[in-house]
Amino acid sequence: MSKVCVFFGTGYEEIEALTVVDILRRQGIDTQTVSIMGEKTVVGSHNIPVVMDSLIEDVDFGKVDVIVLPGGLAGTENLEACELLMEQVDAFASEGKTVCAICAAPSILGHRGLLKGRRAIAYPGFEDQLEGAVVTYEPAVQDGNIITGRGMGCSIPFALKVVEYLAGTKASEAMAEKIVYLNR
């Protein structure tokens with residue numbers, strides 16, 4: 001079974017982060033919330049504190065299959081400033097392991113040169129940060145082991161794209177039906 005870690009930095013976009021956690025857990029995918037802030041409670045961009053499952057320094061990345069980076073401008077900046085996380089993002093990408101990012105967070109992948117020649121999307125106005133990417137305007141897009149999403153309103157399609165990648169199209173379609181996601 002796949003293990004997913006969703007990383008939270010202060011200022012993360014609550015809906016983007018928690019929608020992924022919720023839908024993956026509904027699917028039965030082992031999904032952990034991870035703080036990069038040195039404490040388990042992380043406050044989102046709308047002042048909603050959430051208690052994480054673990055701290056980044058306690059994660060055994062050898063047992064993780066997927067990294068998810070939620071957006072939110074301050075959250076994205078905090079994620080990108082976390083050296084341990086950036087080392088793992090680079091390692092995952094080079095090893096062909098899955099890295100997912102939504103909203104402003106795909107800019108991190110662009111800055112690291114991980115989107116060159118790949119289809120990708122980010123929050124409107126961040127497209128120029130997707131260095132070398134073939135920018136699309138889909139709610140969520142997968143290109144190889146990289147999945148990107150456009151923004152908060154695309155959180156469900158983004159999460160369903162991760163389900164599709166991990167569990168297949170039928171599982172993703174069944175989940176969309178189960179959660180009464182009608183915009184597909």
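As shown above, the structure is provided for reference.
Residues numbered from 1 in each chain as written. Predicted model: local features only at pLDDT ≥ 70, side-chain atom pairs only at ≥ 80, totals over all residues. Heavy atoms only, no water.

Visitor: Please explain the side chain of Ser 35 as it appears in this structure.
Guide: By the secondary structure assignment, Ser 35 is in strand β2 (residues 30–35). A distance of 2.6 Å separates a polar atom in the side chain of Ser 35 from the backbone oxygen of Glu 39. (Helix = DSSP H or I, 4+ residues; strand = E, 2+ residues; numbered from the N terminus. Polar contact = N/O pair within 3.5 Å; in protein donor to acceptor, adjacent residues only side chain to side chain.)

Visitor: Could you clarify how one ought to interpret the sheet that holds strand β1 (residues 3–8) in this entry?
Guide: Sheet strands associate in pairs through backbone hydrogen bonding, adopting either a parallel or an antiparallel arrangement. Strand order in the open sheet formed by 7 strands is β5-β2-β1-β6-β7-β11-β10, with mixed pairing between adjacent strands. What marks the edges here is a single partner per strand, and that holds for β5 (54–55) and β10 (140–143). The sheet contacts of helix α1 (residues 14–26) involve β1, β2, β6 (66–69) and β7 (98–102), and relative to β1 the element is tilted by about 160°. (Pairing = 2+ DSSP bridges. Contact = heavy atoms within 4.5 Å. Axes fitted to C-alpha atoms, helices over the stretch in contact; angles between N-to-C directions.)

Visitor: Would you take a moment to explain the packing of aromatic side chains for this structure?
Guide: Each aromatic ring pair is described using two quantities: the centre-to-centre distance and the angle formed by the ring planes. Following the criterion strictly, the structure yields 4 aromatic pairs and no others. Their ring planes at 90° and their centres at 6.4 Å tell us that Phe 61 and Phe 92 sit as a pair that is edge-to-face. With Phe 61 in the loop between β5 and β6 and Phe 92 in helix α3 (residues 83–95), the pair connects residues that are 31 residues apart, well separated along the chain. Each of the two residues, Phe 61 as well as Phe 92, counts as buried. With 6.3 Å between their ring centres and 70° between their planes, Tyr 123 and Phe 126 make a pair best called edge-to-face. Judged by its relative accessible area of 41%, Tyr 123 is partly exposed. By way of ring pairs, the aromatic residues Phe 7, Phe 61 and Phe 92 are connected into one cluster. Residue placement shows Lys 97 over the ring face of Phe 92; its charged tip is 4.1 Å from the ring centre. (Phe/Tyr/Trp six-rings, centres within 6.5 Å; stacked < 30°, edge-to-face > 60°. Buried < 20%, exposed > 50% of the residue type's maximum accessible area, 1.4 Å probe, protein only. Lys NZ or Arg CZ within 6 Å of the ring centre and 35° of its normal.)

Visitor: Help me understand the pairing of β10 in this model?
Guide: Note on strand geometry: in a regular strand, side chains alternate between the two faces of the sheet. With 4 bridges connecting them, β10 and strand β11 (residues 146–149) associate as antiparallel partners. Residue Ala 140 lies in a different strand from β11, and its bridge partner there is Gly 149. Hairpin connection, β10 to β11: the antiparallel pair is bridged by 2 residues, and Gly 144 has positive phi, about 65°.

Visitor: Teacher, can you tell me more about α3 here?
Guide: For an α-helix the count is 3.6 residues per turn, leaving residues at separations of three or four pointing the same way. For α3, with 13 residues, the first-to-last C-alpha span of 18 Å sits near the 18 Å given by 1.5 Å per residue. When α3 is considered as a whole, its buried residues turn out to be Leu 85, Met 86, Gln 88, Val 89, Phe 92 and Ala 93. Buried residues of α3 fall within an arc of 160° about the axis and therefore sit on the same side. Within α3, the exposed residues directed more than 90 degrees away from the buried face are Glu 83, Ser 94 and Glu 95. Each element contacted by the buried residues of α3 is listed here: β1, β6, α2 (73–81), β7 and α4 (106–111). The positive-phi residue at the C-terminal boundary of α3 is Gly 96, with phi of around 80°. (Expected span 1.5 Å × (residues − 1). Arc of directions from axis to C-beta.)

Visitor: Got a minute to help me understand the environment of Ile 29 in this structure?
Guide: Looking at where Ile 29 falls in the secondary structure, it is placed in the loop between α1 and β2. Judged by relative accessible area, Ile 29 falls into the buried class, the value being 10%. Sequence-wise, Ile 29 and Pro 49 are 20 residues apart; in three dimensions their C-alpha atoms are separated by 24 Å.

Visitor: When you look at the pattern of salt bridges in this model, what are you seeing that I'm missing?
Guide: If the charged atoms of two oppositely charged side chains come close together, the side chains can form a pair. Enumeration over the complete set of coordinates arrives at 5 salt bridges. Residue Glu 138 pairs with Arg 119 through a salt bridge whose shortest N-O separation is 2.9 Å. You can see Glu 138 sitting in the loop between β9 (134–135) and β10 and its partner Arg 119 sitting in strand β8 (residues 119–120), a full 19 residues away along the chain. Residue Lys 161 is joined to Glu 164 by a salt bridge in which the shortest nitrogen-to-oxygen separation is 3.9 Å. Of this pair, Lys 161 and Glu 164 both sit in helix α5 (residues 155–167), 3 residues apart, which is roughly one turn of the helix. Judged by relative accessible area, Glu 164 falls into the partly exposed class, the value being 28%. (Salt bridge = Lys/Arg side-chain N within 4 Å of Asp/Glu carboxyl O.)

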